[in-house]
Structure formats: C-alpha cells, structure tokens
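Letter by letter, the chains look like this.
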Amino acid sequence: MSVQEFKRRRRRLMDAMDEHSVAILPTAPVYIRNRDVEYPYRPDSDFFYLTGFPEPEAVAVLIPGREHGEYILFSRENDPKMETWNGPRAGQEGAVSEYHADDCFPIDDIDDILPGLLENKSRVFYTMGAHPDFDQRLIGWVNRLRKQSRAGIHTPGEFVALDHLVHDMRLYKSSFELRAMRRAAKISAEAHCRAMQHCKPGMMEYQLEAELLHTFMYHGARSPAYASIVGSGVNGCILHYVENSAKMKDGDLVLIDAGAEIDCYAADISRTFPVNGRFSKAQKALYELVLAAQYAAIEQVQPGNHWNDPHEAAVKVFTQGLKDLGLLKGSLQTLLKKQAYRRFYMHRTGHWLGMDVHDVGDYKIDTEWRVLEPGMTLTVEPGLYIPAESKGVAKKWWNIGIRIEDDVLVTRDGHEILSAGVPKTVDEIEALMAGVKPSRRAKPKTKSAGTRKATK
Ligand code: GLY
Ligand code: MN
Ligand code: MN
C-alpha cells in the first residue's frame, strides 16, 4: 500500500475545495449477519480511496488550509483486551505514523470534537444517504452549533455533495489502481479456467462456485467482489441468479459471472460454456452471435468515443444476427427502432468498474454521453437469454442464457482487455475443457489500438 498515493488523492480533493470548507467521510459500519456473527468487514470505498485506513468505526475529516493539519482521523482507541479477541488496532499513534493522518482522535470523542471543526466554516462536503445513521449524527452536530449562534458561532450554511468530486476522481484509474485491477482480473480469469476444466454433467452449480472460490482464496482474494453467479440451463436466463443450487445437466450451458476483489478493487468476468464440454449447433449459433456483439462493442472502447458507442454496436450486431437466425422478423431499421432485441437482451452492455463492481462516475454530462478517456475502466458484457416456453420461439433455442463479459481499460491509443486470460471462442473453450494444453491453444488478444475517432 502506498501512503503517498493516498496523500496525493487527498491533496487533489482538497485542491478542488476551498479554504472555508470541510469534507467529512465516515467509513462503513460493521454489519451483523446474525446474532454474534458479523459479515466480513469491507471499508466504504470513498473513505478507503482517500485514506487507505482499513478499520471500522473511523471518520476522516479534511480541512484544506488548516494550520494544525489538514487531515484528521477519528479511529478506535487501542484496547489490549479487545485486541486479544479481535486483533491489533492502529490506535491514534498508528493512524499518524502508518496512515499519515496529521492528527487522530478517539472515535468516542467525536461528539465533543467534530462540531468545533465545523465552526465558522461555510461549506460542508458530505455524501448524504450513504450511511443514514451518520447523516443523523451530522445533523445533530450542526444543530448544536446553530443553538450557539448568539455566542457568535457561525454554522456552515452550505452542504455540498462530496460524492460528485470523489467519484469523478475515482473514474480515472492511476497505475497503482490498475495494478490491483490487473491482479483481480488475472486471478478471476484463472478461476474461470479452473471452473471450465472441472465442469462435468451431474455436478452441482455450487461445486463450480467452490472451484472459483478456491482460486480466489488461494491467491489472497478473501472475498469475491460480488455474489458469484453459476447458472446452468434455464438458470442462466435469470440475470442475478445466485442460488447456485441446481444439478448441471448434460446438454445444458452454464453461465458463470464471478470476479475476485483485491485491495478493494473488483474484477467482473462472465463466461458461458457447455456443461459437457461441447456446444450443440443451436448453442454455438447463439454463442457466436453474443461473441460477435462483444467483439464489436469492445472495438468501440476507444478514447474519444462516447459511453454508449459499445452498447449501440452490440445492439446492431444482435438485431441483424437475431434476424438471420429467425428469432426476429422485420426490416433491420424497424427492428432497431422498436428495440426488438430487448426481448432477448434486456440489460445494457456494461458499467464502470473499479473499487465497486458497478463503479461510480457519471455516464452522462448534462444530456451528452460521457466521452471515453484513458484510465477509465468498464465492462463489456452483452448477453442473450431465452427461457423455456418462450412464445413464438423454436424449442431448439429454449433454456439458453449466454453472457460474455470482459473488463476493459481505455488506453491512449485504444484499449486493453484486463480479463483476456480466460478463453472465449468456441474452439478455445472446447479445447480447454477437453484438456488440451494451453500452448496448443491460440494466445489471447489483450491490446488493440483500433482506429482513433474524433470526439463526438
Ligand atoms: N456481476 C454483475 C454485473 O455483471 O454487472
Ligand atoms: Mn458480471
Ligand atoms: Mn458487470
């Protein structure tokens, strides 16, 4: 962990604020799973992005231009008894020496200290609604100051959305962040390969999930970035299927959407493959259509293109392809206008990716789609979903759910596919599942300069 990187981020944020302002960021609370059992702890992404401080019960306060230190942290006090049970805490000294806070106070003293830090400031940068209990406490501190107005104390008059500033910073990944994302993607790609290699008819979906988790954990990713989806047959048509409880049948496809989290950075990869290792004719036809849509969409990930270009490219390929297969009928133009593909492709082609799997950052500026710039990372994940009994659809297409999802970085002259380590052509997948050695398979394509386009 680079303390300098966190320091640079705080500096950049404070440079965008003014000297009459203060930013307040609480980290995430510990969530109870049941009775005495807690969910594994994960800090708030914005808080961690600016502090690198991993403990719960912490609040960061940034006060640009404050003479006695601009970065103040509230954290848990050292407590030998609690530390015997739950492990060491940085304490106030550690927060200063290891995490470079200018000043650190016990979290239990925040009621006494924080109002004083707000006094005579004009503006408070704060994200409302992310942690509702903390919203209430902040309102309480401000009200306390208001009551002292006759003593000449000035209460901040403006509350400004902090997320807007931080989320724009988070949209552009630094080389430090990309290192973590590349690692998360590499581990996840290896996990998908392992799942393909272990898959056999008659296995349970959760047994494939176990193979994914094995690789994640083995490489130090203690948690997936989101609940893993392992959906075979009709379950592949349920977009957020997480039960993973069915027996996988010979002749079905299985859709896996799973990614590891490394140092609070996510990977998000989907692959779809035949449970028995061989695509049927109908499965192959639809699979190759999804793959063609994905290639077309990835080709649009270029600096200067806009956010929606990959989606538009995927939708065009889908509409033509579904028409060619007889799944849509009518003229291409009318089908596109009516968005007829939505019956089989009901989600969008991707989202920003970073500390959060559905990462932060605006997709539109005013009414215009955002222009892609180097350092932005996004997923490209077209899919087709045809459940059983689909009206007017030939039976051979039923129970086919396919998604192919990669993690893509916008580079100066094109893009880089971070998740290229897991095969996705029919031949590559069948070869891997048949146990053919990687050296005999085609090398994955990671970088493409593509054609640079003018800003739209
Ligand atoms: N894994 C969630 C998604 O693909 O958006
Ligand atoms: Mn996904
Ligand atoms: Mn995704």
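Everything quoted here is computed from the prediction, not taken from an experiment. Every chain begins its residue count from 1, and numbering advances along the sequence as written. Labels follow written order: the first chain is A, the first ligand is 1, and so on. The predicted origin of the model limits local features to residues at a pLDDT of at least 70 and limits the giving and counting of side-chain atom pairs to 80 or more, whereas totals for whole chains, interfaces and linings rest on all residues. Side-chain measures here rest on the full set of heavy atoms in the structure, leaving out hydrogens and waters.

A. View of the packing of helix α1 (residues 3-16) against helix α7 (residues 162-171). Look at α1 against α7: their axes get within 11 Å of each other, and the N-to-C directions meet at 135 degrees. The orientation of α1 with respect to α7, classified from their angle, is oblique. In terms of crossing hand, the pair formed by α1 and α7 is right-handed. Facing Arg9, Arg12, Leu13 and Ala16 of α1, the residues of α7 in contact are Leu162, Leu165, Val166 and Met169. Looking at side-chain class alone, the contact of α1 with α7 contains six nonpolar, no polar and two charged residues. Axis definition: a line fitted to C-alpha atoms, limited for helices to the stretch in contact. Angles are taken between N-to-C directions and run from 0 to 180 degrees. Note on conventions: DSSP H or I runs of at least 4 residues are helices, E runs of at least 2 residues are strands, and numbering of each starts at the N terminus. Here roughly perpendicular refers to angles of 65 to 115 degrees, roughly parallel to angles under 35, roughly antiparallel to angles over 145, and oblique to all remaining angles. By definition, any crossing whose near helix is turned counterclockwise from its far helix by less than a right angle is left-handed, and any crossing with a clockwise turn is right-handed. Pairs of residues are marked as contacts when any of their non-hydrogen atoms sit within 4.5 Å. Residue polarity is assigned by list, with Asp, Glu, Lys and Arg as charged and Ala, Val, Leu, Ile, Met, Phe, Trp, Tyr, Cys and Pro as nonpolar; anything else, Gly included, falls into the polar class.

B. Structural context of α7. Between buried and exposed lies partly exposed: a residue is buried under 20% and exposed over 50% of the maximum accessible area for its type, with that area taken using a 1.4 Å probe on protein chains only. Within the span of α7, buried status applies to Leu162, Val166, His167, Met169, Arg170 and Leu171. Those residues of α7 that are buried are in contact with α1, β1 (21-26), α2 (45-51), β7 (123-126), β8 (158-161) and β17 (377-380).

C. Expanded view of the sheet that holds β7. Reading across the sheet, the six strands line up as β6-β5-β4-β1-β7-β8 and stay open at both edges, with mixed pairing between neighbours. Looking at strand neighbours, the two that pair on one side only are β6 (103-106) and β8, the edges of this open sheet. For this sheet, the mean angle separating the axes of adjacent strands, direction not counted, is 20 degrees. Pairs of strands are assigned from DSSP output, requiring at least two bridges between the strands. Two elements, β1 and β7, share three bridges in a ladder whose sense is parallel. Looking across to β7, one finds that Val22 is bridged to Val124. Sheet strands touched by helix α5 (residues 110-118): β1, β4 (59-62), β5 (71-75), β6 and β7. Its angle to β5, the strand with the most contacts, is close to 160 degrees. Against the sheet, α7 makes contact with β1, β7 and β8, and its axis sits at roughly 30 degrees relative to β8, the strand it touches most.

D. Structural view of a nonpolar patch on the surface. Taken together, the side chains of Met128, Ile139 and Phe159 define a hydrophobic patch exposed on the protein surface, amounting to about 270 Å² of accessible area. Secondary-structure assignment places Phe159 in strand β8. Residue class for Phe159 comes out partly exposed when judged on its relative accessible area of 37%. Within the patch definition used here, like charges are joined within 9 Å and nonpolar side chains (Val, Leu, Ile, Met, Phe, Trp, Tyr) within 5 Å, considering only residues with over 30% relative accessible area and no salt bridge. To be clear on the numbers: accessible area is Shrake-Rupley with a 1.4 Å probe, and residue cover counts the displayed protein chains and nothing else. For this document, the term salt bridge refers to a Lys or Arg side-chain nitrogen within 4 Å of an Asp or Glu carboxyl oxygen.

E. Just the confidence of the model for the chain, in detail. With 95% of its residues at a pLDDT of at least 70, the chain reaches an overall mean of 95. Each residue carries a pLDDT score, the predictor's confidence in it, ranging from 0 to 100. Between residues 451-456, whose pLDDT stays under 50, and residues either more than four places distant or in other chains, the model counts 14 contacts.

F. Expanded view of the coordination of the manganese ion (ligand 3). Donor atoms from the polypeptide that coordinate the manganese ion (ligand 3) comprise Asp268 (OD), His351 (NE2), Glu381 (OE) and Glu405 (OE), at 2.0 to 2.2 Å from the metal. Donor atoms (N, O, S) are those found within 2.8 Å of the metal centre, with the cutoff raised to 3.2 Å for Na, K and Ca; water is not part of the atom list, so apparent gaps in a site can occur. A four-donor site is called tetrahedral if each angle lies between 85 and 135 degrees; a four-donor site is square planar, and a six-donor site octahedral, when trans pairs exceed 155 degrees and the remaining angles lie between 65 and 115; all other cases are labelled irregular. For the manganese ion (ligand 3), the six donor atoms in the first shell make angles of 51 to 155 degrees at the metal, so the coordination geometry reads as irregular. Expressed as a motif, the donor residue spacing for the manganese ion (ligand 3) is D-x82-H-x29-E-x23-E. Between the manganese ion (ligand 3) and the manganese ion (ligand 2), a separation of 3.2 Å is found, and both are coordinated by Asp268. Of the two residues, His351 sits in the loop between α12 (332-337) and β15 (364-365) while Glu381 sits in the loop between β17 and β18 (383-386), which places them 30 residues apart along the sequence.

G. How the structure looks around the coordination of the manganese ion (ligand 2). The protein atoms that coordinate the manganese ion (ligand 2) are Asp257 (OD), Asp257 (OD), Asp268 (OD) and Glu405 (OE), at distances spanning 2.0 to 2.3 Å. Sequence spacing of the donors to the manganese ion (ligand 2): D-x10-D-x136-E.

H. Main features of the nonpolar core. What is meant by a nonpolar core is a set of buried Ala, Val, Leu, Ile, Met, Phe, Trp, Tyr and Cys residues, joined one to another through side-chain atoms within 4.5 Å. Leu73, Leu208, Val254, Ile256, Phe273, Leu322 and Leu384 are the most contacted members of the largest nonpolar core, which totals 110 residues. The element best represented in this core is helix α8 (residues 175-198), accounting for 12 residues. Leaving out residues up to four positions away in the same chain, Leu73 has contacts with Phe47, Phe53, Val59, Ala60, Ala95, Ala101, Asp103, Cys104 and Phe105. With 20 residues, the next largest nonpolar core counts Phe74, Leu114, Phe134 and Trp141 among its residues.

I. Here's a closer look at the site of ligand 1. Around ligand 1, the surrounding shell consists of Tyr226, Asp257, Asp268, His351, His358, Glu381 and Glu405. Pairs of N or O atoms are called polar contacts if they sit within 3.5 Å, as long as, within protein, a hydrogen donor faces a hydrogen acceptor (for residues adjacent in sequence, only side-chain-to-side-chain pairs). Asp268 is positioned such that a nitrogen or oxygen atom in its side chain is 3.2 Å from an oxygen atom of ligand 1. Glu381 has a polar side-chain atom sitting 3.1 Å from an oxygen atom of ligand 1. When ligand 1 is considered free in solution it has 200 Å² of accessible area, and contact with the protein chains removes 90% of it. Near residues are defined by distance, with any heavy atom within 4 Å of the molecule or strand qualifying the residue.

J. Region of interest: the pairing of β4. Here β4 shows two buried faces, one formed by Val59 and Val61 and the other by Ala60 and Leu62. Relative to β4, β1 is paired through four bridges, and the arrangement is antiparallel. Of the residues in β4, the one forming a bridge with Ala23 is Leu62. Of the pairings in the sheet, the one linking β4 to β5 comprises four bridges and is antiparallel in character. Opposite Leu62, over in β5, you have Tyr71 as the bridge partner.

K. Main features of the pairing of strand β21 (residues 414-417). Examined bridge by bridge, strand β20 (residues 406-411) and β21 share four bridges and lie antiparallel to one another. If you follow Leu409 over to β21, its bridge partner there is Glu416. Connecting β20 to the next strand, β21, in antiparallel fashion are two residues.

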